[in-house]
Structure formats: structure tokens, C-alpha cells
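# A closer look at the structure
Residue-level listing of the chains:
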Amino acid sequence: MITPAVLLHIGSEETQVIVRNDDSEDKSLLLTLGSQLTSVGYFRHSPPTPDEMETAIMVVEDEVTRIRHDIPPGAKLFSTDNDIRVLARIAGEAENEVMTLSRDAVERTFDRLALVINGRPAHFEGIPDGNDFAATLLILREFMHHLQFDEIVVKGTKFEISR
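What comes next is a walk through the structure. (Residues numbered from 1 in each chain as written. Predicted model: local features only at pLDDT ≥ 70, side-chain atom pairs only at ≥ 80, totals over all residues. Heavy atoms only, no water.)

### Notes on the environment of T15
Filter applied, for reference: Each helix corresponds to a stretch of at least 4 residues labelled H or I by DSSP, and each strand to a stretch of at least 2 residues labelled E; elements are numbered beginning at the N terminus. Throughout, exposure labels follow a simple rule: accessible area from a 1.4 Å probe, protein chains only, divided by the maximum for the residue type, with under 20% read as buried, over 50% as exposed, and the rest as partly exposed. Note on definitions: a residue-residue contact is assigned when non-hydrogen atoms from the two residues lie within 4.5 Å.
Structurally, T15 can be placed in strand β2 (residues 15-20). You can call T15 buried: its relative accessible area is 0%. Sequence separation of T15 and N96 is 81 residues, and the distance between their C-alpha atoms is 24 Å. With sequence-adjacent residues up to four places away left out, T15 is seen in contact with L8, H9, I10, L29, L30, L31, L33, G34 and I139.

Here's what the structure looks like:
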């Protein structure tokens, strides 16, 4: 028996989730969430206001929880996204071919974003000014939290979920 795996790709217009469970065929799921789609759709200010972020959180949460029954228990989360790799570095992970980012580190990074949303300059927190970064961080945070992933493994561009 193999460990179930989930491959996450947060694109600009949508998020693709590929689920591999046992020896069955991979299941591909699409979420109507993307870094740009979410940023343009919900953030009118840069950085977003607390109210804009709250609205975006509710929307992202609803979309993510829609697929909760498709995620097998005990699945491991992976990504090859460069934006998630950048996020891992911002969260304090050393640059490597394989990087592991914990849910706690994502939460701490989101807390830093919250400080920026509440008026602290982004460069004080070492995070990008752009709302696309805020949207990517939000999507990853809600994905990991609501689908109960303790960590995400970020690999280089040549990625395969091992069987």
C-alpha cells in the first residue's frame, strides 16, 4: 500500500489539485481560486484591508472545504510551485531542492502579513508588497488548515509523486 499524495498547484486563475490514492487512477480537481483571480476579485487596496482579507478568507475557505471528501486520510502534500518555494524561503526555510514547509510556519508568515495589513511596512516583515503573494499565502494557509495537512513538501520542477 502506498501513502496517498496530493499535488497542489496554485495558478494565477485556478488551483489544481491532483490526488493519488492507492493504485487507482489520479483524480484531478480544480478550485476556482488563483493568486491573481483572488487578488483582483477581493483586494481593492494594496495591501488588502482587514475587511477585504476577511471576505477573501471566507470565499477561499468555502472553495477549499468543497473538496475535503476527496482528500484521503493521511495524504502527504506536495508542490512544485515556485511561488510556494518563495513562500518557504520567506518563512525561513533554507533553499534546497526539497523544502518542507510546516503549517505552523505558514501561520507565522500569515501573521506577518496581518501586521502589514494593519499598517506595518511589508519590508519590515520581509514579505513582498504584491497582493498576488497575499492571495497565494491565503490559499495555501486555508488549504493546509481545512484539509488538515501538517506540512507541504516543495520539490524542484522535475516532480513525481512516488508510488
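### Details of the pairing of β2
Stated formally: Here a strand pair is declared whenever DSSP counts at least two bridges between the two strands.
Of the pairings in the sheet, the one linking strand β1 (residues 5-10) to β2 comprises six bridges and is antiparallel in character. Bridged to L7 within β2 is I18. The antiparallel hairpin formed by β1 and β2 contains four residues in its connecting segment. Sheet analysis places β2 next to strand β3 (residues 27-31), joined by five bridges and oriented antiparallel. Within β3, the position partnered with T15 by the bridge is L31.

### Topic: the packing of aromatic side chains
Going by this rule: Stacked, tilted and edge-to-face pairs are distinguished by plane angle, under 30 degrees for stacked and over 60 for edge-to-face with tilted covering the rest, among Phe, Tyr and Trp rings (Trp via its six-membered ring) whose centres lie within 6.5 Å. Look at NZ for Lys and CZ for Arg. If either is within 6 Å of the ring centre and within 35 degrees of the ring normal, a charge sits over the ring.
Under the counting rule described, the total for this entry stands at one aromatic pair. In this structure, R141 is placed above the aromatic ring of F110, and the distance from its NZ or CZ to the ring centre is 4.0 Å.

### Regarding the nonpolar core
Put simply, the rule reads: For the purposes of this section, nonpolar cores are sets of buried Ala, Val, Leu, Ile, Met, Phe, Trp, Tyr and Cys residues that join through side-chain atoms within 4.5 Å.
The biggest cluster of nonpolar side chains holds 46 residues, and the ones touching the most others in it are V17, L140 and F143. Dropping the residues within four chain positions of it, F143 is found in contact with V6, L8, V17, L31, V64, I67, L77, Q148 and F149.

### Notes on the side chain of T109
Here T109 is to be found in helix α4 (residues 103-117). We classify T109 as buried; its relative accessible area is 1%. If we ignore the near neighbours within four places in the chain, the residues touching T109 are L87, I90, A91, F133 and L137.

### Quick look at the packing of helix α2 (residues 50-65) against α4
Helix-helix packing is characterised by the crossing angle of the two axes and by the distance between the axes. Threshold: In this description, a line fitted to the C-alpha atoms serves as the axis of each element, helices being fitted only across the stretch in contact, and the angle between N-to-C directions of two axes falls anywhere from 0 to 180 degrees. Under this grouping Gly is polar, as are all residues other than the nonpolar Ala, Val, Leu, Ile, Met, Phe, Trp, Tyr, Cys and Pro and the charged Asp, Glu, Lys and Arg.
Contact pair α2 / α4: the axes reach a minimum separation of 10 Å and the direction vectors enclose 140°. Packed against α2, whose contacting residues are P50, M53 and I57, the element α4 presents F110, L113 and I117 at the interface. Looking at the contact of α2 with α4, its residues break down into six nonpolar, no polar and no charged.

### Remarks on the layout of surface pockets
Over the atoms, a rolled probe matching the size of one water molecule traces out where space is still vacant. The condition that has to hold: Any residue with an atom within 4 Å of a point lines the site, the site being either a cavity, points on a 1 Å grid over the protein atoms alone where a 1.4 Å probe fits but cannot get out, or a pocket, an open set with protein on both sides within 12 Å along at least 5 of 7 lines. Grid points are joined across faces, edges and corners, and a volume is the space filled by probe spheres set on the points.
Considered as a void within the structure, the largest pocket measures approximately 300 Å³ in volume. Around the largest pocket, the lining is made up of 16 residues, and of these G74, A75, L147, Q148 and F149 lie nearest the centre. Counting residues per element, the ones that place at least two in the lining of the largest pocket are β4 (76-79) and β6 (151-154). The element contributing the most residues to the lining of the largest pocket is β4, with three residues. Of the residues assigned to the lining of the largest pocket, the class counts are nine nonpolar, three polar and four charged.

### Remarks on helix α6 (residues 131-146)
Basically, it comes down to this: Every helix has an expected span of 1.5 Å times one less than the residues it contains.
Here α6 spans 22 Å end to end across 16 residues, near enough to the 22 Å set by a 1.5 Å rise per residue. Judged by how many residues are buried, α6 sits mostly within the fold: 13 of 16 residues are covered. Within two residues after α6, Q148 carries a phi angle of roughly 60°, on the positive side.

### Structural notes on the pattern of salt bridges
If the charged atoms of two oppositely charged side chains come close together, the side chains can form a pair. Test applied: Take a side-chain nitrogen of Lys or Arg and a carboxyl oxygen of Asp or Glu: if they are within 4 Å of each other, that pair is a salt bridge.
One pass over the full model with this rule turns up 10 salt bridges. A salt bridge links R20 to D26; its shortest N-O distance comes to 2.8 Å. A relative accessible area of 13% means that R20 is categorised as buried. Across the salt bridge formed by D70 and K27, the nearest N and O atoms sit 3.0 Å from each other. Of this pair, D70 sits in the loop between α2 and β4 while K27 sits in strand β3, and the two are 43 residues apart along the sequence. For D70, a relative accessible area of 25% gives the class partly exposed. Taking relative accessible area as the criterion, K27 reaches 39% and is therefore assigned partly exposed. One salt-bridge network, held together by shared partners, links R85, R89 and E95.

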